[in-house]
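# Observations on the model geometry
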Amino acid sequence: MLVFDHVSKRYPNGYDALSDVSFTVEAGAFVFLTGPSGAGKSTLLKMINGVERSSRGQVHVAGQNISRLPARKIPGLRQGIGVVFQNHQLLFDRRVYDNVALPLFIAGMKPAEIGRRVRAALSKVGLTGREGDWPETLSGGEQQRVGIARAVVHRPPILLADEPTGNLDPDLSREIMSLFLQFSQLGVTVLIATHDLELVESMPARRLQLQDGRIRAE
Amino acid sequence: MNESATGSGAHLRQINRTDRLKAWSRHHRQLFRSTLITLLNQPGALLITWLVIGIALSLPILLSLALREISEADTRQVIQPAMSVYLSVPSESETAQALLKRLRASSAVGEVRLITEQAALAEFSSLAGFGDVLNAFSENPLPGIIEVVPRERDGAGIKLLAQQIAGQDGVDQVSFDAAWLERLSAILGILERVLYALGVLFSGAVILIIGNTLRLTIENQRGEIEITKLFGGSDSFVQRPFIYRGFWLGFGGALLAFFIIQSSLLYLSGPVERLAQSYRSNFALEALNFGESIGLFALGALLGILGSWVSVWRYLKQIQPK
Ligand SMILES: Nc1ncnc2c1ncn2[C@@H]1O[C@H](COP(=O)(O)OP(=O)(O)OP(=O)(O)O)[C@@H](O)[C@H]1O
Ligand SMILES: [Mg+2]
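Residues numbered from 1 in each chain as written. Chains lettered and ligands numbered in written order. Predicted model: local features only at pLDDT ≥ 70, side-chain atom pairs only at ≥ 80, totals over all residues.

Secondary structure summary: chain A contains seven helices and ten strands in total. Since a compact globule built from 218 residues should have a radius of gyration of about 17 Å, the 17 Å found for chain A is in line with a globular shape. If one aligns the C-alpha atoms of chain A with their principal axes, the spans along those axes are about 45 × 40 × 35 Å. Counting the 218 residues in chain A, one finds 48% classified as buried. (Helix = DSSP H or I, 4+ residues; strand = E, 2+ residues; numbered from the N terminus. Rg over C-alpha atoms; globule rule 2.2 N^0.38 Å. Buried ≥ 20, exposed ≤ 12 C-beta atoms within 10 Å, placed from the backbone.)

Here you go:
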């Protein structure tokens, strides 16, 4: 599902965030991406949904070489990828419902179908009945879960998560992780960048360890 | 709606063409309403934008309406007053009646009207202040006048006709200002060009106003645009709401322009009619008719869409998720 083939990423300022990274992730796999701060975890995730482009090497997503993907095909790629990104928060001038509905709205779904799916996604993350709330009135952990609902509401084949449990207590973190695990059992390819080594070790998952832009261990 | 091709296949997501077309038209229908509602949520700002656009649209249109009325063929008499043929003989005399007959038969002459000495006196005394002056005379000092409206539109041709009439029996003199007419038609020609230039300039201004308003909106919605793109919203998907906003701004501006124009015409119509009557003309500033009103709305909407398109497209392309 995901193939990195000798991928390097040099940012415009000359910094090499990734150097010669190669790995393959099968469809439906559940993979943790670990490593110290600045190792290149976020950079790697951004190369999967076309936010960043490789400087060298090829990135293949679902059989498509996205290093060569023309700009007009990027939206189609992104519609199939759910993201929970560190720095992509909720829209605070929209209610929970509209935040979660965004991917479905982009896909052009019928309003009735959107309503059904949004409620289903919210109940999965334990926020049943909160669709009318404003994000401001939710706790940090609840906001995070709204973000997760938004990432899975359109049932994407790939799910990328960058520090998805950053604001959550251990119990809730475990719950969210098992939710991600369930998605992968349904066939979703899940890639999670995290610092939470304790949690990583407690879960039956493959682990990609990054350091200074290189894969140090599997 | 198709489910995602989970975990298999070469493509992440396959949606067939009919579904995509349906989604596309649904998005348009939703935006048509929702963009207006969003705009109406800030009534103060919206009203000001509409007013600015309305004024910018109504100015050149008002001017062109006035110009059109002035230069229109059947109202020409306002600025092309009938030549006045002053009689050297009493208007009941054989000579005067014969002249009248000849003039009526002439193909160069459109309308002929005799103002007898008595009628001239009555008209003159009705003008404020002149009544007393005339009372000083023991008999009517005014001559009879024949008013002649030439068929000819051209200044030189009218001059020729005036000379012809002046040479006839019973004519004292013919008063007619040909140079004035020539100058006027030259001025009208210039005004017409000035108007075209103004029209282009003001349309450009409307496009800029709308573009600028939308840019500010985009700046406020940067976060939303980034997230929409992150979840696969295409450039045109992201741009679409702004096209509709541009449409509403232009259309609403045109609506206000319509009211500005109609009420200005109403306000002017009284004085203009009085002026026209003094020339014995039925000249009147006419309000916009149905077709012209539709044209105005279409122009506003078009300028709005254009303004959005021109200024927003490249700007939106630059906004990318990080
Ligand atoms: N846009 C950018 N321009 C230049 N350098 C960048 C840019 N983004 C990231 N970097 C650099 O690339 C390196 C990797 O960054 P990245 O965000 O991928 O690390 P990370 O592993 O996600 O770290 P963290 O765990 O703190 O989130 C860092 O040293 C960072 O300074
Ligand atoms: Mg990071």
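This brings us to the overall build of chain B. Per the secondary structure count, chain B includes ten helices and four strands. In sequence order, chain B lays out its α and β elements as α-α-β-α-β-α-α-β-α-β-α-α-α-α. For chain B, the proportion of its 322 residues judged to be buried stands at 26%. Across chain B, the fraction of contacts at a sequence separation of at least 24, relative to all contacts at a separation of at least 6, is 79%. (Contact = placed C-beta atoms within 7 Å.)

Further remarks concern the site of ligand 1. Residues and elements named next belong to chain A. In the vicinity of ligand 1, the residues found are Tyr11, Asn13, Tyr15, Ala17, Gly35, Ser37, Gly38, Ala39, Gly40, Lys41, Ser42 and Thr43. Ranked by residues supplied to the shell around ligand 1, first place goes to helix 1 (residues 41–48) with three residues. Class assignment for the residues of the shell around ligand 1 results in four nonpolar, seven polar and one charged. (Near = placed C-beta within 6 Å. Nonpolar A, V, L, I, M, F, W, Y, C, P; charged D, E, K, R; others polar.)

On to the domain arrangement of chain B. According to the domain assignment, chain B contains domain 1 (25–74 + 184–318) and domain 2 (81–152). Each of domain 1 of chain B and domain 2 of chain B has a C-alpha centre, and the two are 51 Å apart. (Domains from an automatic or database assignment.)

This brings us to the pairing of strand 7 (residues 158–162) of chain A. All names here are of chain A. Where burial is concerned, most of strand 7 is hidden: five out of the five residues are buried. In strand 7, alternate side chains face the same way, and those of Ile158, Leu160 and Asp162 on one face and Leu159 and Ala161 on the other are all buried. Both strand 6 (residues 81–84) and strand 7 contribute to a ladder of four bridges, which runs parallel. Looking across to strand 7, one finds that Val84 is bridged to Ala161. For strand 7 and strand 8 (residues 189–193), the ladder comprises five bridges, and the chain directions are parallel. (Pairing = 2+ DSSP bridges.)

All right, on to the sheet that holds strand 2 (residues 109–115) of chain B then. Residue and element names in this part refer to chain B. Taken in spatial order, the four strands make up an open sheet running 2-3-1-4, and their pairing is antiparallel. The open sheet terminates on both sides in strands that have one partner only, identified here as strand 2 and strand 4 (171–175). Each strand of the sheet is rotated relative to its neighbour by a mean of 20°, with strand direction disregarded. Pairing analysis gives six bridges linking strand 2 to strand 3 (residues 145–150), with the strands arranged antiparallel. Counted as the bridge partner of Arg113 is Glu147 from strand 3. Sitting on the sheet, helix 3 (residues 94–105) is in contact with strand 1 (83–87), strand 2, strand 3 and strand 4, with an inclination near 155° to strand 2. (Axes fitted to C-alpha atoms, helices over the stretch in contact; angles between N-to-C directions.)

Residue and element names in this part refer to chain B. Looking at chain B, pLDDT values average 83 and 84% of them are 70 or higher. When mean pLDDT is compared element by element in chain B, helix 8 (residues 222–230) scores highest at 93, while helix 5 (residues 130–135) scores lowest at 69. Throughout residues 1–11 the model reports pLDDT below 50, and contacts reaching past four residues in sequence, or to other chains, amount to 29 contacts. Ignoring residues within four places in sequence, the model shows residues 73–78, a span with pLDDT below 50, making twelve contacts including any to other chains. (pLDDT = per-residue confidence, 0-100.)

In a soluble, globular protein the nonpolar side chains are often hidden away together inside. Of all hydrophobic cores here, the largest spans 67 residues; its most connected members are Val100, Ala149, Leu159 and Leu160 of chain A. Counting residues per element, this core draws most heavily on helix 3 (residues 96–107) of chain A, at eight residues. Residues in contact with Ala149 of chain A, not counting those within four places in the same chain, are Val100, Ala121, Leu122, Lys124, Val125 and Leu127 of chain A. Ile209, Phe247, Trp248 and Leu296 of chain B belong to the second largest nonpolar core, which has 31 residues in total. (Core = buried A, V, L, I, M, F, W, Y, C linked by C-beta atoms within 7 Å.)

Residue and element names in this part refer to chain A. In terms of domain boundaries, chain A breaks down into domain 1 (2–80 + 156–217) and domain 2 (93–155). Taking only C-alpha atoms, the centre of domain 1 and the centre of domain 2 are 23 Å apart. Contacts between the two partners involve ten residues from domain 1 and, on the opposite side, twelve residues from domain 2. When residues in the side of domain 1 that touches domain 2 are grouped by element, the largest group, four residues, is from helix 6 (residues 170–185).

On to unusual backbone geometry. All names here are of chain A. Here the phi dihedral of Ala62 falls at roughly 50°; this positive angle occurs in a residue that is not glycine. With respect to the helices and strands, the residue Ala62 is situated in the loop between strand 4 (56–61) and strand 5 (64–65). Positive phi, normally seen in glycine, also occurs at Asp212, with a value near 50°.

The next point concerns the sheet that holds strand 6 of chain A. Residues and elements named next belong to chain A. Pairing is mixed in the open sheet, where six strands are placed in the order 6-7-8-3-9-10. In the strand order of this sheet, the two ends are held by strand 6 and strand 10 (214–217), each with one partner. Sheet twist, expressed as the average angle between the axes of neighbouring strands with direction ignored, equals 25°.

Here we come to the packing of helix 3 of chain A against helix 4 (residues 111–124) of chain A. Residue and element names in this part refer to chain A. Two numbers describe how helix 3 lies on helix 4: the axes approach to 9 Å, and their chain directions differ by 120°. Relative to helix 4, helix 3 is oriented oblique. Handedness of the crossing formed by helix 3 with helix 4: right-handed. Note on element contacts: helix 4 touches helix 3 through Ile114, Arg117, Val118, Ala121 and Leu122, opposite Tyr97, Val100, Ala101, Leu104 and Phe105. (Parallel < 35°, antiparallel > 145°, perpendicular 65-115°, else oblique. Left-handed = near helix turned anticlockwise from the far one by under 90°.)

What follows is about the environment of Ile66 of chain A. Residues and elements named next belong to chain A. Note on placement: Ile66 falls in the loop between strand 5 and helix 2 (74–79). The spacing of Ile66 and Trp134 is 68 residues in sequence and 36 Å in space, taken between C-alpha atoms. Dropping the residues within four chain positions of it, Ile66 is found in contact with Gly50, Val59, Val61 and Leu77.

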